[in-house]
Amino acid sequence: MTDNSALPFLPFSRPSIDEATIAAVGDVLRSGWLTSGPKVQALEAALSAYFGGRPVRTFNSGTCTMEIALRIAGIGPGDEVITTPISWVATANVIIEVGATPVFADIDPVTRNIDLDKLEAAITPATRAIIPVHLSGLPVDMDRLYAIAKKYNLRVVEDAAQAIGSSWKGRLIGSFGDLVSFSFQANKNITTAEGGCLVLNNAEEARLAEKYRLQGVTRSGMDGIDVDLLGGKYNMTDIAAAIGLGQFAQLDAITAHRRALAKRYFAGFGPDFEARTGAQLPLAEFDNTNWHLFQIILPEHVKRAEFMAEMMQHNIGIGFHYAPIHLFTLYRERGFGPGMFPVAERVGRQTVSLPMFYALTEADVDRTVAAIKSVLSA
Ligand SMILES: *Cc1c(COP(=O)(O)O)cnc(C)c1O
């Protein structure tokens, strides 16, 4: 066996902040204006231009971004919101947070995104909104999704936390659709350390977003102030926005590099990998997904914790995204349980996320593939 302990540790994700961005943060710290100010405005303007001129507002997390999107859509007590059980728990928590009822529909075993047939079957007269998740950056079928939303008169809050730079049939995720929420948490393709942004439909929704993120305040003139709705404290700082501007400048290069790394993974595993090992590779889609994650499904007989421990022996950190939300205690207490969403339960048990980040090299990918082949054949 080769000794890999001398090779550098490969995490599944790692942010890359360039020196120009670090200098820009220093400038903010010296400027005397730390919280929301010119950098936030510049980031919102850059994102708005990127998304085809739609209004964009920033927040201090992708989680509160989605919560505010639901509030803007008027979702609250008595309303059902349908989402996927395979996502970060924030996706479903925000539904509870606004007083609505989460409803899950099982996932598609190939895309691992919400199964739109099952989504349609879960619609009731109380359904008001859908939260689709573009998991690992692979878009949900947007034609079909928005056809369903139109047919049943539902709002859509896209959880595009992982999907900046992804597209659907050549159109950027965020540049069309209803409310589209992105996250800039540290592991995402571009980061502000913590943060998020919401793409909105019109100026009125943008004004509502501004109120919800800052205590419901509206200012006018030199000293006019009123509060006409309950808002929170969700604004992004200029420190974070300076990081975001530096990251945004690299977005196209980051997306291109991730696509090249994904191709390298497929080339390394080779066409017979699935047949030989029983593992399942992700959908080989290179035009639209931003490859936020590169996830394989381990064969049933492999215990994920043991696989992860053996990969650590190769100095490679493996992530898993995600444990099925409906099996968490908070959701079992609301009537969900094992057996309800079998595809999600299988994927949730066996999915692993391989190293995938901007500073990762093709040699790192080759090393990871070799380690996986060796662990799975042992
Ligand atoms: C990261 C993430 C979130 C939450 O974003 P935060 O910025 O961490 O609050 C929500 N949904 C998905 C799918 C995510 O990956």
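Residues numbered from 1 in each chain as written. Predicted model: local features only at pLDDT ≥ 70, side-chain atom pairs only at ≥ 80, totals over all residues. Heavy atoms only, no water.

**Some words on the overall build of the protein**
We count it as follows: A run of H or I in DSSP becomes a helix once it reaches four residues, and a run of E becomes a strand once it reaches two; helices and strands are each numbered from the N terminus. Radius of gyration means the value over C-alpha atoms here, while the globule rule gives 2.2 Å times the residue count to the 0.38 power. In this scheme, a residue with accessible area under 20% of its type's maximum is buried, one over 50% is exposed, and one in between is partly exposed, where area comes from a 1.4 Å probe on protein chains only. Whether two residues touch is decided by their heavy atoms; if any such pair falls within 4.5 Å, the residues are in contact. Method for areas: the Shrake-Rupley scheme with a 1.4 Å probe, in which residue coverage is limited to the protein chains shown. Positive charge is attributed to Lys and Arg, negative charge to Asp and Glu, and no charge count is given to His or to the chain ends. One atom stands in for each charge, and that atom is NZ of Lys, CZ of Arg, CG of Asp or CD of Glu.
Scanning the protein from terminus to terminus reveals 14 helices and 13 strands. At 21 Å, the protein has a C-alpha radius of gyration in line with the 21 Å of a compact globule built from 378 residues. Overall, the C-alpha framework of the protein stretches about 70 × 55 × 35 Å when taken along its three principal axes. When each of the 378 residues of the protein is scored for burial, the buried share is 57%. Nonlocal contacts in the protein, meaning residues at least 24 apart in sequence, comprise 70% of its contacts between residues at least 6 apart. Summing over all exposed atoms, the protein offers an accessible surface of approximately 15,900 Å²; the carbon and sulfur share of this is 56%. Charged side chains of the protein number 34 positive and 40 negative; the gap between the two group centres comes to 1 Å.

**Considering unusual backbone geometry**
With an omega of 15 degrees, the peptide bond running from H321 to Y322 counts as cis. Within the element layout of this structure, Y322 appears in the loop between α11 (304-313) and α12 (329-332). Even without glycine at this site, N153 takes up a positive phi of about 60 degrees. Locating N153 in the fold gives a position in the loop between α6 (142-152) and β5 (155-159).

**Some thoughts on the site of the ligand**
Applicable threshold: To be near a molecule or strand, a residue needs just one of its heavy atoms within 4 Å of it. Within 3.5 Å is the distance limit for a polar contact, defined as a pair of N or O atoms, with the added protein rule that one can donate a hydrogen and the other accept it, and that residues adjacent in sequence qualify only through two side-chain atoms. Each residue gets one of three labels, nonpolar for Ala, Val, Leu, Ile, Met, Phe, Trp, Tyr, Cys and Pro, charged for Asp, Glu, Lys and Arg, and polar for the others, Gly among them.
Taken together, 16 residues surround the ligand, and among them G62, T63, D159, S183 and K188 come closest. Here D159 contributes a side-chain N or O atom positioned 2.7 Å from a nitrogen atom of the ligand. Between an oxygen atom of the ligand and a side-chain N or O atom of Y322, the distance comes to 3.4 Å. In isolation the ligand exposes 380 Å². Once the protein is present, 93% of that is buried. Per element, the largest residue contribution to the shell around the ligand is three residues, and it comes from helix α3 (residues 62-72). Its residues assigned to classes, the shell around the ligand shows five nonpolar, nine polar and two charged.

**Considerations on the domain arrangement of the protein**
Inclusion rule: Domain segmentation is taken from an automatic or database assignment of domains. What counts as buried area is the accessible surface, traced by a 1.4 Å probe, that two parts surrender upon association, with contributions from both included. Here a salt bridge means any side-chain nitrogen of Lys or Arg lying within 4 Å of a carboxyl oxygen belonging to Asp or Glu.
If you check the domain split of the protein, you get domain 1 (19-248) and domain 2 (251-377). One C-alpha centre belongs to domain 1, the other to domain 2, and the line joining them spans 25 Å. Here domain 1 packs against domain 2, burying approximately 3,100 Å² in sum over the two surfaces, 59% of which is carbon and sulfur. Linking domain 1 with domain 2 are zero salt bridges, by the criterion used here. For the side of domain 1 that touches domain 2, the secondary structure elements donating two or more residues are α4 (90-97), β3 (101-104), β6 (167-168) and α8 (238-248). Considering every element that reaches the side of domain 1 that touches domain 2, the biggest residue donor is α4, with three residues.

**Looking at empty space enclosed by the protein**
Put simply, the test is: Cavities and pockets are found on a 1 Å grid laid over the protein atoms alone: a cavity is a set of points where a 1.4 Å probe fits but cannot escape, a pocket is an open set with protein on both sides within 12 Å along at least five of seven lines, and a lining residue has an atom within 4 Å of such a point. Grid points are joined across faces, edges and corners, and a volume is the space filled by probe spheres set on the points.
Per the counting criterion, the structure on display carries two cavities of 30 Å³ or more. Estimated volume of the largest cavity: approximately 100 Å³. If you go around the largest cavity, the residues you meet are V110, T111, R112, L135, S136, L138, P282, L283, T289, W291, L293 and Q295. Of the residues contributing to the lining of the largest cavity, the split by class is seven nonpolar, four polar and one charged. The two domains that each donate at least three residues to the lining of the largest cavity are domain 1 (19-248) and domain 2 (251-377). Its boundaries defined by the atoms lining it, the second largest cavity holds a volume of some 80 Å³. The wall of the second largest cavity is formed by R14, P15, S16, A186, K188, N189, T191, Q247, I254, R258, F357 and Y358.

**Some thoughts on the side chain of Q247**
If you trace the backbone, Q247 turns up in helix α8. In this structure Q247 comes out as buried when scored by relative accessible area, which is 2%. Beyond its immediate sequence surroundings of up to four residues, Q247 is in contact with S16, I17, T21, N189, I190, T191 and I254.

**A closer look at the packing of aromatic side chains**
Aromatic rings in a pair are described by how distant their centres are and how their planes are angled relative to each other. For clarity, the threshold we go by: Aromatic pairing here means that ring centres of Phe, Tyr or Trp (its six-membered ring) are within 6.5 Å. Orientation follows from the plane angle: under 30 degrees is stacked, over 60 is edge-to-face, and everything else is tilted.
Under the defined criterion, the tally for this structure stands at 16 aromatic pairs. Measuring from ring centre to ring centre gives 5.3 Å for Y50 and F248, while their planes differ by 90 degrees; the resulting arrangement is edge-to-face. You can see Y50 sitting in helix α2 (residues 38-50) and its partner F248 sitting in helix α8, a full 198 residues away along the chain. For F248, a relative accessible area of 18% translates into the label buried. Seen from their ring centres, W88 and Y322 are 6.2 Å apart, and the 40 degrees between their planes marks the pair as tilted.

**Brief notes about the packing of α11 against helix α14 (residues 362-377)**
What counts here: For helices, the fitted line uses only the C-alpha atoms of the stretch in contact; every axis is such a line through C-alpha atoms, and the angle between N-to-C directions lies from 0 to 180 degrees. Note on angle classes: values under 35 degrees are labelled roughly parallel, values over 145 roughly antiparallel, values of 65 to 115 roughly perpendicular, and the remainder oblique. Less than a right angle of anticlockwise turn of the near helix away from the far helix marks a crossing as left-handed, whereas a clockwise turn marks it as right-handed.
As a packed pair, α11 and α14 sit with axes 10 Å apart at the nearest point and diverge in direction by 130 degrees. Here α11 lies oblique to α14, going by the angle between them. As for the relative orientation of α11 and α14, their crossing is right-handed in sense. In contact with F307, E310 and M311 of α11, α14 contributes T368, A371, I372, V375 and L376. When the residues that make up the contact of α11 with α14 are grouped by side-chain class, the tally is six nonpolar, one polar and one charged.

**What to know about the sheet that holds β3**
Working definition: the strands of a sheet are paired by backbone hydrogen bonds and lie parallel or antiparallel to each other. Note the threshold: Strands are treated as partners if at least two bridges between them are detected by DSSP.
With mixed pairing, seven strands are arranged side by side in an open sheet as β1-β9-β8-β5-β4-β2-β3. The open sheet has two free edges, formed respectively by β1 (56-59) and β3, since each of these has just one partner strand. The average undirected angle you get between the axes of adjacent strands in this sheet is 25 degrees. One ladder, built from four bridges, connects strand β2 (residues 80-83) with strand β4 (residues 127-131); its direction is parallel. Directly across from I82, in β4, lies its bridge partner I130.

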